[in-house]
Amino acid sequence: SYAKNSELQGLVPFYSEKKFVNCTKNQTNHMAYGLLKGKRGIISGALNEDSIAWKIAQRAHEEGATFTLTNAPLAMRMGEINKLAEECGAKIIGADATSIEDLEKLYDESMEFLGGPVDFVLHSIGMSTNIRKGREYSDLNYEWFLKSIDVSALSFHKMMQVAQKKDAIAEGGSVVALSYIAA
């Protein structure tokens, strides 16, 4: 066991005698350790099964987290977020991440649904009209590019600013931001 004879013993699941200790197998055949049991969060950007946020939501659920899901209303109509919400027991709260009012509503409704401040926020939002419309890098539409920066990067700051003003992230909470065109 890698935890044997160490200060980590008893704190982490470990492999011993050809079986996992302190963990359970879930429906997707992963080993679940309950790492997020009792944790509450907001996951943004899950559009369909190919989305990174979708996979994170599934794993967070398997590890015991409860959360709300959010995406822009247009993305929600295009995607399959209802399927994910049903699978994970999550509430869907539509929000345009570029709108402060929508983000305020997102945090208010999330804290009400989850019973208090969140322990984690996942910002997995990205959009580029230039890419969607096949514009080459050497021929960008700059208005579309600015919208891409607003959606893909500034929305992260807006989400954090609203969270701070509403004291919506619990002490010791975590924020994960996945980058897209803003990188």
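Our structure's up above, just so we're on the same page.
All of the points below concern the structure found in this document. (Residues numbered from 1 in each chain as written. Predicted model: local features only at pLDDT ≥ 70, side-chain atom pairs only at ≥ 80, totals over all residues. Heavy atoms only, no water.)

### Quick word on the overall build of the protein chain
To be explicit about the condition: Secondary structure counts use DSSP, requiring at least four H or I residues in a row for a helix and at least two E residues in a row for a strand, with both numbered from the N terminus. Exposed residues in this analysis have more than 50% of their type's maximum accessible area, buried residues have under 20%, and partly exposed residues fall in between, with area computed by a 1.4 Å probe over protein chains only. Each accessible area is a Shrake-Rupley estimate made with a 1.4 Å probe; only the visible protein chains count as cover when residues are assessed.
Summing up its helical and strand segments, the protein chain has six helices and nine strands in all. With 183 residues in all, the protein chain has 38% of them scored as buried. Carbon and sulfur atoms make up 52% of the accessible area of the protein chain, which totals about 10900 Å².

### Observations concerning the sheet that holds strand 8 (residues 118-123)
Strand pairing in a sheet is mediated by backbone hydrogen bonds. Such pairs are either parallel or antiparallel. So the rule is basically this: At least two DSSP bridges between two strands are needed for those strands to be called paired. Contacts were defined at the residue level, with two residues in contact if any of their heavy atoms lie within 4.5 Å. Angles shown run from 0 to 180 degrees and are taken between the N-to-C directions of axes, each axis being a line fitted to C-alpha atoms and, for helices, limited to the stretch in contact.
Judged by pairing direction, the sheet is parallel, and its five strands sit side by side in the order 7-6-5-8-9 without closing on themselves. Each end of this open sheet is capped by a strand with a single partner; those strands are strand 7 (91-92) and strand 9 (169-177). As paired strands, strand 8 and strand 9 are joined by five bridges and run parallel to one another. Pairing of Val118 across the sheet is with Ile169, part of strand 9. Sitting on the sheet, helix 3 (residues 81-88) touches strand 6 (66-70) and strand 7, and the angle it makes with strand 6 is about 175 degrees.

### Thoughts on the side chain of Glu62
Heads up, the condition is: Any pair of N or O atoms that falls within 3.5 Å is considered a polar contact. Within protein, one atom must be able to donate a hydrogen and the other to accept it, and sequence-neighbouring residues count only if both atoms are side-chain atoms.
With respect to the helices and strands, the residue Glu62 is situated in helix 1 (residues 52-62). One polar contact links Glu62 to Arg59, side chain to side chain, over a distance of 2.7 Å.

### Examining the pairing of strand 6
Within strand 6, four of the five residues are buried, which leaves it mostly tucked inside the rest of the structure. Summarising the sheet, strand 5 (residues 40-44) and strand 6 pair through five bridges and their orientation is parallel. Residue pairing across strands places Ser44 opposite Thr70, the latter belonging to strand 6. In this structure, strand 6 lies alongside strand 7, joined through two bridges in parallel fashion. Residue pairing in the sheet places Thr68 in a bridge with Lys91 of strand 7.

### Quick notes on the pairing of strand 8
Burial analysis of strand 8 places six of its six residues in the buried class, which makes it a mostly covered element. Looking at chain direction, strand 5 and strand 8 are connected through three bridges and run parallel. Bridging across to strand 8, Gly41 finds its partner in Phe120.

### Points about unusual backbone geometry
Even without a glycine there, the phi angle at Asp167 is positive, about 50 degrees. Looking at the element boundaries, Asp167 is found in the loop between helix 6 (142-166) and strand 9. Taking the relative accessible area as the measure of exposure, Asp167 reaches 59% and is therefore exposed.

### Observations concerning the pattern of salt bridges
Cut-off, in case you're wondering: One speaks of a salt bridge when a side-chain nitrogen belonging to Lys or Arg is within 4 Å of a carboxyl oxygen belonging to Asp or Glu.
Within the structure shown, the criterion is met by eight salt bridges. Its salt-bridge partner being Lys166, residue Asp108 comes within 2.9 Å of it at the nearest N-O pair. Pair noted here: Asp108 is in helix 4 (residues 100-114) and Lys166 is in helix 6, with a separation of 58 residues, a long-range link. Note on Lys166: relative accessible area 29%, which makes it partly exposed. Because the salt bridges share partners, they merge into one network encompassing Arg59, Glu62 and Glu63.

### Things to note about helix 4
Short version of the rule: A helix is expected to span 1.5 Å multiplied by its residue count minus one. Starting at the helix axis, one direction is taken to each C-beta atom, and the arc is that of these directions.
Counted at 1.5 Å a residue, the expected span for helix 4 with its 15 residues is 21 Å, and the 21 Å between its end C-alpha atoms agrees. Taken residue by residue, helix 4 has Leu103, Leu106, Tyr107, Ser110, Met111 and Leu114 as its buried positions. Angularly, the buried residues of helix 4 cover 115 degrees about the axis, an arc narrow enough to put them on a single face. Exposed and oriented more than 90 degrees from the buried face of helix 4 are Glu101 and Glu112.

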